[in-house]
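So you can see what is in the structure, the chains are spelled out below.
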Amino acid sequence: MPDSQPQPPPPPSSSPGPADPSSLLLCGARLTDGRTVDVRLGGGRIEAVGTAGSLAAGGTRACGARVDLGGYLLLPAPADPHAHADTALSADAEGPVPYEPRDVQRRATEAALLQLGHGATAVRAHVRVGDVQGLGALEAVLQARRALRGLAELTTVAMPRVLTGVAGADGLAVLRDAVKMGASVVGGRPDLDPDPTGYVEAVLEVASEHGCPVDLHTDAGDPARLARLAAMAGGLRPGVTLSPCGDLGRLPTEVASRTADQLAAAGVAVVCLPQGGCGGVDRRGAAPVRLLRAAGVRVAAGSGALRDVSNPVGRGDPLEAAFLLASRHGLAPEEAYDTVSGSARAVLALPEVRVEAGFPAELLAVRGDRLAGALSLAYSRVVVHRGRVVARTSAVREYCDSAASVELGLPRQGRGEVS
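Read on for an overview of the structure.

Thresholds, definitions, all that
Residues numbered from 1 in each chain as written. Predicted model: local features only at pLDDT ≥ 70, side-chain atom pairs only at ≥ 80, totals over all residues. Heavy atoms only, no water. Helix = DSSP H or I, 4+ residues; strand = E, 2+ residues; numbered from the N terminus. Contact = heavy atoms within 4.5 Å. Core = buried A, V, L, I, M, F, W, Y, C linked by side-chain atoms within 4.5 Å. Buried < 20%, exposed > 50% of the residue type's maximum accessible area, 1.4 Å probe, protein only. Salt bridge = Lys/Arg side-chain N within 4 Å of Asp/Glu carboxyl O. Pairing = 2+ DSSP bridges. Expected span 1.5 Å × (residues − 1).

**Some points on the environment of A264**
Phase 1: Looking at the element boundaries, A264 is found in helix α7 (residues 253-266).
Phase 2: Taking the C-alpha atoms as reference points, A264 and R298, separated by 34 residues in sequence, lie 7.7 Å from one another.
Phase 3: Leaving out residues up to four positions away in the same chain, A264 has contacts with A295, G296 and V297.

Here you go:
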């Protein structure tokens, strides 16, 4: 990670363990309820949670490798329900986004690793299919998915441009081919089709044929269209997700509330994009997350564009998304973090994660002792996927000596002097 001197101190240390690589002990981590605990992982799951020091009685041979998480807050790992792997990291490209498969695979892999470093152990990537790129971009992202196996879970949404009329016949054929190739979700942008309702009907038909979830881009500015979508989507399982729904917040309150009630009744989830939107949708607006949550809509938060032309400074950081929901939209830190963890995992149909025995070992350790502080200054992170540490980020802040720091006893990190 970086870039400036002096070098940061080493991240939390791991001591050599026994031959079994699936056993890991996280020592001295703090939980959001204030407890300091040891957490033993094995076989990709949490085996035990006990008071600090209670699980290490047998030494490293009994509990495996150890990671010291003193000073860290341990959380369920985030997941990103809305990313764009095929256009990620293309903001600096001259001319159109390069869609050569090798280039797409490289950028998709790098983007997923960046998001993993932030803590997201699962990512849903929207990929354009049809038109000039055909299925090449999808195949490249699927190659990236295979290369990332064991580090992160990358799933794909196939996004055709047009699905109705004469031009839509090709798009519909490509969408079916995309599912056969390995796309696990069907989606797209109905607002860009000459017949948005027909587009949604086509997507729902393909999803029903293959048992796939649906994930659609929409600004959600037309309440009548959303009501029709909710009526059509109500019976579909495993479910329908809409994002980013920024125009919903511009509707009159009573209209937006009625629409939210319809989405809740149909079981339609909404993914908002607090860090900025993505191509094809208006990125100036923000979904009314409090209104949606009050109506009973499941609301998750995604990253949207990661340094492409839609958002050249997109970070793909779920903790930043939670920070923005807390600081700008009035969510409590716990509610904000849920949008990028529990609710995000539910949207992706992933198992629930708690820091309790029996749950999947998908965890994020962040320097700090309270969730609010972690969302504010979440620099140092340790990421656990399937029970093993897969990414670390270590950061340090140093100040030169001053009378204020000595007199007040202010805490300092780092080694040596800053000149």
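**Digging into the nonpolar core**
Phase 1: Ranked by internal contacts, the top residues of the largest apolar core, which has 83 residues, are V186, V214, L216, V240, L242, L292 and Y337.
Phase 2: V240 has contacts with L204, V214, L229, A233, G267, V268 and A269, leaving out every residue within four places of it along the chain.
Phase 3: Grouped together as the second largest cluster of nonpolar side chains are 20 residues, V37, V353, A361 and V382 included.

**Thoughts on the pattern of salt bridges**
Phase 1: Tallied over the full model, the rule gives 18 salt bridges.
Phase 2: A salt bridge links R106 to D103, with the shortest nitrogen-to-oxygen separation between them at 2.9 Å. Highlighted residues: R106 and D103, both in helix α2 (residues 101-118), separated by three residues, approximately one helical turn.
Phase 3: Put simply, E110 and R106 hold a salt bridge, and the shortest N to O gap is 3.6 Å. One end of the pair, E110, and the other, R106, are both in helix α2, four residues apart, so they sit about a helical turn from each other.
Phase 4: In the salt-bridge network here, residues are joined through shared partners; they are D103, R106, R107 and E110.

**Brief notes about the pairing of strand β6 (residues 72-76)**
Phase 1: Most of β6 sits inside the fold, with four of its five residues counted as buried.
Phase 2: Here β6 pairs with strand β15 (residues 363-367) via five bridges, running antiparallel. Paired with L73 across the two strands is V366, which belongs to β15.

**Regarding helix α3 (residues 136-147)**
Phase 1: The end-to-end C-alpha distance of α3, which contains 12 residues, comes to 17 Å, matching closely the 16 Å that a straight helix rising 1.5 Å per residue would cover.
Phase 2: Every buried residue belonging to α3 is among A137, L138, A140, V141, L142 and A144, and all of these are buried.
Phase 3: Along its buried surface, α3 packs onto α2, β8 (122-129), β9 (153-160) and α4 (165-181).

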